[in-house]
Each structure stands twice: as C-alpha cells, then as structure tokens.
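Chain by chain, the residues:
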Amino acid sequence: MFYLLNILIQMKILLNNTSLFKSLRPFNDLGFVPTMGGIHKGHLSLINKSKKLCKKTIVSIFLNPKQFNNKKDLKSYPRNIKNDLIILKKTKKVDFVYLPKFKDIYKNNKESKITLNKKDKILCAKFRKGHFEGVLDVMNILTKIIKPNKIFMGEKDFQQLYLVKKFLEKKYPTKIIACKTIRDKNKVALSSRNVLLKKSNLYKAGKIYKKLVNIKKNTNNKKNIFNFLIKQKKQLEINYKIKIDYLELRNKKNLKYTKKIINSRLFVSYYLNKIRLIDNI
Ligand code: AMP
C-alpha cells in the first residue's frame, strides 16, 4: 500500500475511464506511450521523447488479450505491475499511468470489424493470424479514449508502427512518432519477453544480430537477393539451431520487397527456445 501512495504523489494512476476522462480534460498537449507492461529501457526511451515534445505524458499498461494468437504466449507474458510503477515513477517524466481493465477498453466496442488489406498480410501478419487486427483494434479504442496529440512507438516493432500509423493518422488528428530501437550491450533489441530467455540464449541472440548485420551488407553485391536470403535463412537455422519464420529485405517506406539496401530493412523473426523474437536491421 505504501508503495502505491508514494507513487501517487507525482504520478497519477488512472484505474478506470471515469478517472481518465476527469484527469485528462484540462490537457490538450498529451503524449501517449502505449505498452503491455514489463517496462524496460526501450519503453523509457519513448517516454523521454514524449517528455521532450509534449506537455504531459501518459503511459498505458494493458495486456491486450485480443492481439495474442497463442494462448500460451499470453499466459507466459511477463507481468509485474508493482515493479513497472516503481520504474515509471523513478523517471519523474510520467504524469499519468492508465491501467484499464478489459471492460474499460471493450465495453462499448461491438465485434471488431478491422481487417488487413491483402498486401499487408506479410511478415508477422502472415505468421500471427489476427495479431495486427487486435493491435489496430486496441490502438483505435485507446486513441478515441485518450485523444493524444502524439503517440510514441518503437521501430523495434516496425510492421506494427507502419500499420498503426497508416490506420490512425487517417482517422484522427494524432501524430505517430517513430522511436529508434534500444539494444542491450550485445545489441539484442530490448523486449519484455527477453526475461523469459536464458543468459546463454540472449548471448546467442547477440551473435545472430551481428550475423544479420553482415548478411544485410552482403546483399549489396548479390544478383538474386531473394535466393541469397533463402540460403542464408537455411544456414542460420542450421548453425544456430533456430526456427526462422522470415528473413526478408523490404523497403522501409512501403514494406514492399526491395533489391536495394538504401531505404531498406532486413526483417527477421525467429524462435529461440520457443520464445519468438523479431528484429529489423
Ligand atoms: P510493448 O510493451 O512490447 O507492446 O511495447 C510498447 C512500445 O514500446 C511499442 O511501441 C514498442 O515498439 C516499443 N518498444 C518495445 N521494445 C522497444 C525497444 N527495444 N526499443 C524501442 N522501442 C521499443
């Protein structure tokens, strides 16, 4: 109880929509950082940017069941609200933390009608059926409720950032601000799920990252990049004993396949000991 009171001194915790509406009413320059908890330095970099660009910053923690296509993944997703609140308070940069319940988000939402275009059913959308529909659904509702000026999102989840930006900026006056991927000392992209990995696997992920950087460089002088990447994918699977969902070079503006390194990202998703990691380089 003491920890909660202590946190309340500088950072207001909003436990339902009534308190959210009341608290946010006076403010019209709001920066919003949506999260699913398991707060780490990647999330904190988004908060830092919001603090720089907006008068007030609101962080949400909501583990959105609708975007999990795998029940086991949802069950094992790291959650520790108490610890998250302590970290957020320490930043002294967060004005509000919104901790909605399922009904706060979905009470007035009839069955979601959000669907993806065929051309967007690539990368993670191909391997995680219904995932981005769930993400767009919750981001739509959160934006409607919070009405932020800016939403801060990480490039680590590049396809999510791309789809959310396209969807929300058409519908609301809100701007989506892209933030760089924050990495650990071995260059592994920080992620809440990383706590589920053993140290040895995190080390392996660091080696894989370095290998991917090299692969991307080497695409430069290849006649058939597509075939080159298929071969590299197989080789990585054998050498590191991992299962790779995709390894694809795409244009970062429209996510179409590309043969040029310029304006491209090498997108990867793979399983390390049943934990699915994504990155883009
Ligand atoms: P999550 O809690 O995983 O849903 O992430 C919430 C937000 O933090 C999303 O916009 C993510 O893209 C962003 N994020 C997660 N990890 C990182 C990271 N390593 N660097 C920058 N942003 C990140």
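So, a few notes on the structure that sits alongside this text. As the structure is a prediction and not an experimental result, all values here were calculated from the model. (Residues numbered from 1 in each chain as written. Predicted model: local features only at pLDDT ≥ 70, side-chain atom pairs only at ≥ 80, totals over all residues. Heavy atoms only, no water.)

Moving on, we come to the packing of aromatic side chains. Counted under the stated rule, the structure contains seven aromatic pairs. When the centroid spacing of 4.8 Å and the interplanar angle of 40° are considered together, the rings of phenylalanine 102 and tyrosine 106 count as tilted. You can see phenylalanine 102 and its partner tyrosine 106 sitting in helix α6 (residues 102-106), four residues apart, about one turn around the helix. Overall, the relative accessible area of 44% leaves phenylalanine 102 in the partly exposed class. Classification of tyrosine 106 by relative accessible area gives buried; the value is 7%. Considering the side-chain rings of phenylalanine 226 and tyrosine 257, the 5.6 Å spacing of their centres and the 85° angle between planes classify their relative orientation as edge-to-face. Taken together, the residues span a long stretch of sequence, with phenylalanine 226 in helix α11 (residues 225-240) and tyrosine 257 in the loop between β7 (243-251) and β8 (264-272) at a distance of 31 residues. We classify phenylalanine 226 as partly exposed; its relative accessible area is 46%. A connected cluster of aromatic rings, assembled from ring pairs, spans Phe62, Phe102 and Tyr106. (Phe/Tyr/Trp six-rings, centres within 6.5 Å; stacked < 30°, edge-to-face > 60°. Helix = DSSP H or I, 4+ residues; strand = E, 2+ residues; numbered from the N terminus. Buried < 20%, exposed > 50% of the residue type's maximum accessible area, 1.4 Å probe, protein only.)

Turning our eyes to something else, we now look at the site of the ligand. Looking at the ligand, there are 17 residues lining it, with Met36, His43, Asp157, Ile182 and Leu190 nearest. With respect to the ligand, the backbone of methionine 36 contributes an N or O atom lying 2.9 Å from an oxygen atom. Isoleucine 182 places a main-chain nitrogen or oxygen 2.9 Å from a nitrogen atom of the ligand. Protein burial of the ligand: of its 480 Å² of free accessible surface, 93% is covered by the chains. Contributing elements (two or more residues each) for the shell around the ligand: β2 (30-35), α3 (41-53) and β5 (150-154). When residues in the shell around the ligand are grouped by element, the largest group, three residues, is from α3. (Near = heavy atom within 4 Å. Polar contact = N/O pair within 3.5 Å; in protein donor to acceptor, adjacent residues only side chain to side chain. Areas by Shrake-Rupley, 256 points an atom, 1.4 Å probe, with all protein chains shown as cover.)

It is worth spelling out the nonpolar core at this point. Residues Ile58, Tyr98, Met139 and Ile146 are the most contacted members of the largest nonpolar core, which totals 39 residues. Contributions of two or more residues to this core are made by α2 (17-24), β2, β4 (96-98), α6, α7 (123-127), α8 (131-146), β5 and α9 (158-171). With residues near it in sequence (within four places) discarded, isoleucine 58 still touches Leu14, Leu20, Leu24, Leu30, Gly31, Phe32, Val33, Phe96, Tyr98 and Ile146. (Core = buried A, V, L, I, M, F, W, Y, C linked by side-chain atoms within 4.5 Å. Contact = heavy atoms within 4.5 Å.)

Keep in mind these numbers describe shape, not what the thing actually does.
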